[in-house]
Amino acid sequence: TDGDPSADSSASDPIALQSKALSLELILSLLKANGPAFRSSDKFVQTIKSHLCVSLLRNCTSNMEEVVGLSLQVFVQLVEHFKDHLKAEIEVFVTKIFLRILDSENSEAHHKALVLRVFQTLCEDPTALVELFLNYDADFDSDCDLFNQMVGALARCAKQAHGGHRHTGSDDSKDKQAAEARIRRLGLEGLRAVLRS
């Protein structure tokens, strides 16, 4: 997971793309299988903060869907296993990357869908939701109402307006309508997960 800003050059290099994807898959497997020794290791946590998180921030804004998808899966694992150590980093990911992707008209629909899947995964875990609320929204020392911002983003996606291109009949118009419908559906599913939790 090279942290070089030019890392997206691998989009035109199949070998580099495969290498990046394989690296992310290995990291994902490691995080899923990690035990108490890893989670309590100061050295391992520091490595995550100084190297992995920096790399993921770049990969989450990549134009390569496979890289973005794997990076977001790694982020979910970090929240699940290391959230006590990564409070500031999680805030940066959500507020500076994920919410901006969802709120930007220039973001690709598939990119928004991947972020919404992450939010849905977090919202389906009652413990994770409670901890997000307690660690951010209910923390008087924190200026970030992370839980509230996530729910607000889901609501905005769920009520996203239909485009005015509905009756043009072109393939591009139909694709755009389908993408918008998918975003609305994912937003609704996220809100439903919050209510169920």
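Residues numbered from 1 in each chain as written. Predicted model: local features only at pLDDT ≥ 70, side-chain atom pairs only at ≥ 80, totals over all residues. Heavy atoms only, no water.

Our focus in this paragraph is the nonpolar core. Within the largest apolar cluster, 53 residues are counted, with the highest numbers of intra-cluster contacts made by Leu 78, Val 94, Phe 98 and Phe 119. Those elements giving two or more residues to this core turn out to be helix H1 (14-33), helix H3 (42-59), helix H4 (65-82), helix H5 (87-103), helix H6 (109-123), helix H7 (126-137), helix H8 (146-158) and helix H9 (171-196). By residue number, the principal contributor to this core is H4, which donates ten residues. (Core = buried A, V, L, I, M, F, W, Y, C linked by side-chain atoms within 4.5 Å. Buried < 20%, exposed > 50% of the residue type's maximum accessible area, 1.4 Å probe, protein only. Helix = DSSP H or I, 4+ residues; strand = E, 2+ residues; numbered from the N terminus.)

This part covers the environment of Ala 113. With respect to the helices and strands, Ala 113 occurs in helix H6. Between the alpha carbons of Ala 113 and Gly 69 there is a distance of 9.9 Å; along the sequence they are 44 residues apart. In this view, Ala 113 contacts Arg 182, Ile 183 and Leu 186; residues no more than four positions away in its chain are not counted. (Contact = heavy atoms within 4.5 Å.)

The geometry of H4 relative to H5 is characterised by a closest axis approach of 11 Å and an angle of 145° between their N-to-C directions. Considering the relative orientation of H4 and H5, their crossing is left-handed. Seen from H4, the contacting residues are Leu 72, Phe 75 and Val 79; seen from H5, they are Ile 90, Phe 93, Val 94 and Phe 98. For the contact of H4 with H5, the class distribution of residues is seven nonpolar, no polar and no charged. (Axes fitted to C-alpha atoms, helices over the stretch in contact; angles between N-to-C directions. Left-handed = near helix turned anticlockwise from the far one by under 90°. Nonpolar A, V, L, I, M, F, W, Y, C, P; charged D, E, K, R; others polar.)

Next up on the list: the confidence of the model for the protein chain. Should pLDDT be low for a region, the predicted coordinates there are not to be read in detail. Within the protein chain, residue pLDDT values average 88, and 89% of them lie at 70 or more. Looking across the protein chain, the model is least confident in helix H2 (residues 36-39), with a mean pLDDT of 84, and most confident in H8, with 95. Segment residues 2-7 is flagged for pLDDT under 50; beyond a separation of four residues in sequence, or across chains, it makes eight contacts in the model. (pLDDT = per-residue confidence, 0-100.)

There is a patch of nonpolar side chains on the surface, built from Val 130, Phe 133 and Leu 134 and spanning about 280 Å² of accessible area. Relative to the elements of secondary structure, Val 130 occurs in helix H7. (Patch = residues over 30% accessible without salt bridge, like charges linked within 9 Å, V, L, I, M, F, W, Y side chains within 5 Å. Areas by Shrake-Rupley, 256 points an atom, 1.4 Å probe, with all protein chains shown as cover. Salt bridge = Lys/Arg side-chain N within 4 Å of Asp/Glu carboxyl O.)

For the rest of this paragraph, the subject is H7. Because each turn of an α-helix spans 3.6 residues, side chains separated by three or four positions in sequence point in the same direction. Helix length check: H7 (twelve residues) gives 16 Å between terminal C-alpha atoms against 16 Å at 1.5 Å per residue, within 8%. Taken as a whole, H7 has its buried residues at Ala 128, Leu 129, Leu 132 and Tyr 136. Along H7, the residues classed as buried sweep out an arc of 100° about the axis, all on the same side. Its buried side turned inward, H7 meets H5, H6, H8 and H9. The N-cap of H7, judged by a side-chain oxygen 3.1 Å from the amide nitrogen of Thr 127 a few residues on, is Asp 125. (Expected span 1.5 Å × (residues − 1). Arc of directions from axis to C-beta. Polar contact = N/O pair within 3.5 Å; in protein donor to acceptor, adjacent residues only side chain to side chain.)

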